[in-house]
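# Residue-level structural notes
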Amino acid sequence: MTEAAVDVLASAAAAGAPAMRPRWLRRLLANRSVVTGALILVAFVLAAVLAGTLSTHNPTRLEPASRLQPPSARHFLGTDEFGRDVWSLVLYGSRVSLLVGVTTMVLTSVGGIAVGLVAGFSRRLDTVVMRVMDGLMAFPAILLAIALMAVRGPGVWNVIFALSVVYMPRTAMLIRSTVLSIRELDYVQAARALGREDAGIAARHILPNCVGPLLVQGSFVFAYAILAEAILGFLGVGVPPYVPSWGNVIASGKNVIREAFWVSLFPGVALTLAGLSLNLLGDGLRDLLDPRLRVQ
Amino acid sequence: MGPYLLRRLAAIVPVLAVVVTIVFLLIHLIPGDPVSVMLGPDATPGQIEATRKGLGLDRPIYEQLVGFYGRILRGDLGQSYFLDRPVSQALWERAEPTMVLMLSALVVAIAIGVPSGTVAAACRGSAWDRGLMLISLLGVCIPGFWLSLNFIYFFAVRLGWLPAAGYVSVLTDPAGALRYMVLPAFSLGFNQSALIARISRSCMLEVLQQDYIRTARAKGLSHRAVTWVHAFRNALVPVVTVIGITTAVLIGGAVVTEIVFNIPGLGRLIISAILRRDYPVVQGVVLVTATAYVLINLGVDLLYAMIDPRIRYD
């Protein structure tokens, strides 16, 4: 092959590259909310994964001699009342927040799918299951989480359990309503007439239709879970105080706000940015997946 | 309206039954024996046994549940382990600060949210619209409890304009109560005002595209008259839903705000009860707030008909 022919082929490949991208990816990349939200989220994931490399100090090491130092070259975001480096605390705190957010999102999705499918397919169980879901949703979310933490005690996995119980009913209701709207469609009736079992219909015809709403709901549950984890930590009923988490650091900053505003300021900024990224992602996905719900 | 109201009241009975059952189960979810947890590691087997008997925990669980339903129906929420008084009395004493906080926050949320959304919709695409919607997006994402701390730092510590924490009853000193309530109400109401603004804008935009608005404009009515007289009321129906949801969310948010501002309401009561393992108080606060939540949602549904005469509940 001549050099000219290689050049022609290379330029043709380059010109064809955008067209080769799947349509959904092009639509996704064209949505500013999704791209901005995803970029901020990726930054947080990198911060959490590389916390060991990016941190300048051990976040759990107490250094009373360096307590309440303002931001400087040695301590980028200052130190707290125990002399812990706030930059390192924020980086390690992102691990707890992302762990709680992702795990809660997965558990609520799995639980919501199971409960929603059962309620959507079984007319007998529907009433009972939905009354229980109504009952769970009758509690203000944070109050039910606080009550569950009261009986289970502090701990990361207890926080995840409490938040999954609190947010699962919303996902279950969503899946149920999707099942109910699809169950009576012709192609599902046709599958049933062909002798497919309920489980097969659910897996092959119903669940793929739930992916869109589930993605949107998942991004909001992720955001709520990160915020709720911080609130529980702030109230002293979340992860134990010695674990670096954004809520715990903000709580310790509350005690010294007169002398050292930076202790609570920076973890709060991180929390706001994390919430912003997930809300942008959720809004963007909702606009893409269901244009009827687009906020004008 | 009457039959609808009766149907709705009947429909909340099973929901409340589930709520009561969940609240009852909370104490039974404690790993191990709740009495051992309550009495601590130094309790003797005799003390544990006596307390179990005293609380009725030695009886079968279904009997305990039936007994719990019976007590709730009689308005008996039990006795606090630490406050030396019935739970219902403790709740009553702490209800005023929480209700004042919630109402003030609701006023702030509506006063900021509804006009912001309406103005943004009326000036769609302008700098006002973009600015207000950016603020509302941030408002949805900023954690309320962190905003409270920043308010305390700027307005109380740096500027010294308002008290940093505490509570004065509106019944004894209304002016003082207002000073103490400004920061908590704005902290709690700001997040919700952002949500209300986004929904108000969306609803207004929808209404502003209707034919009767075009007719009103064609008649020569001013932009202001079209926006506030013709469009506003019709855009209000979905906004009322959001305001109802907001009221319910404020119940949870008030817990956190009370802790930050040291307000002696239900939020502080439940947190201190949790830390002291005063389970009857935890149950009582959760039960009362959940019931309030359900009733508020019912109230919102009924309010629709008052705002929009096209909605009829037959």
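Residues numbered from 1 in each chain as written. Chains lettered and ligands numbered in written order. Predicted model: local features only at pLDDT ≥ 70, side-chain atom pairs only at ≥ 80, totals over all residues.

## Regarding the overall build of chain A
The cut-off we apply is this: Counting from the N terminus, the helices are the DSSP runs of H or I reaching at least four residues and the strands are the DSSP runs of E reaching at least two. The burial label depends on the number of other C-beta atoms within 10 Å of a residue's C-beta. Counts of 20 or more mean buried, 12 or fewer mean exposed, and intermediate counts mean partly exposed, with C-beta atoms placed from the backbone.
Each helix and strand in chain A was counted, giving twelve helices and zero strands. N-terminal to C-terminal, the α/β element order of chain A is α-α-α-α-α-α-α-α-α-α-α-α. Oriented by its inertia axes, the alpha-carbon framework of chain A measures out at about 75 × 75 × 35 Å. Looking at chain A as a whole, 45% of its 296 residues are labelled buried.

## A few points about the interface of chain A and chain B
We count it as follows: Contact between residues is assigned whenever the C-beta positions, reconstructed from backbone atoms, fall within 7 Å. Note that Gly is not counted as nonpolar here; it falls among the polar residues with everything else outside the nonpolar set of Ala, Val, Leu, Ile, Met, Phe, Trp, Tyr, Cys and Pro and the charged set of Asp, Glu, Lys and Arg.
With 35 residues of chain A at the interface, the matching set in chain B holds 37 residues. Mapped onto the side of chain A that touches chain B, the elements with two or more residues apiece are helix 6 (123–137), helix 7 (141–152), helix 10 (198–235), helix 11 (246–255) and helix 12 (262–289) of chain A. Classifying every residue of the side of chain A that touches chain B by side-chain character gives 24 nonpolar, seven polar and four charged.

## Details of unusual backbone geometry
All names here are of chain B. Despite not being glycine, Asp84 has its phi angle at roughly 60 degrees, a positive value. With respect to the helices and strands, Asp84 occurs in the loop between helix 4 (61–73) and helix 5 (87–122). Judged by the 8 C-beta atoms lying within 10 Å of it, Asp84 is exposed. Although it is not a glycine, Asn262 sits at a positive phi angle of roughly 55 degrees. Position of Asn262 among the secondary structure elements: in the loop between helix 10 (223–261) and helix 11 (266–275).

## As for the packing of helix 10 of chain A against helix 12 of chain A
Residue and element names in this part refer to chain A. Threshold: Axis definition: a line fitted to C-alpha atoms, over the contacting stretch in the case of helices. Angles run 0 to 180 degrees between N-to-C directions. Orientation is classified from the angle alone, with under 35 degrees giving roughly parallel, over 145 giving roughly antiparallel, 65 to 115 giving roughly perpendicular, and any other angle giving oblique. Crossing handedness is defined as follows: a turn of the near helix away from the far one that is anticlockwise and smaller than a right angle gives a left-handed crossing, while the clockwise case is right-handed.
For the pair helix 10 and helix 12, interaxial distance at closest approach is 9 Å and the crossing angle is 165 degrees. Between helix 10 and helix 12, the angle falls in the class roughly antiparallel. Both helix 10 and helix 12 take part in a crossing whose hand is left-handed. Contact residues: Gly212, Leu215, Val216, Ser219, Phe220, Phe222, Ala223, Ile226, Leu227 and Ala230 in helix 10; Leu271, Ala274, Gly275, Leu278, Asn279, Leu281, Gly282, Leu285, Arg286 and Leu289 in helix 12.

## A word on the nonpolar core
Rules: Here, a nonpolar core means buried Ala, Val, Leu, Ile, Met, Phe, Trp, Tyr and Cys residues linked by C-beta atoms lying within 7 Å of one another.
By size, the foremost hydrophobic cluster in this structure holds 172 residues, and its most contacted members are Ala145(A), Ile146(A), Leu163(A), Ala225(A), Ile231(A), Ile270(B) and Val282(B). Among the elements that take part in this core, helix 10 of chain A stands out by supplying 20 residues, more than any other.

## A look at the environment of Arg74(A)
Looking at the element boundaries, Arg74(A) is found in the loop between helix 4 (51–54) and helix 5 (86–121). For the pair formed by Arg74(A) and Leu265(A), sequence separation is 191 residues and the distance between their alpha carbons is 18 Å.

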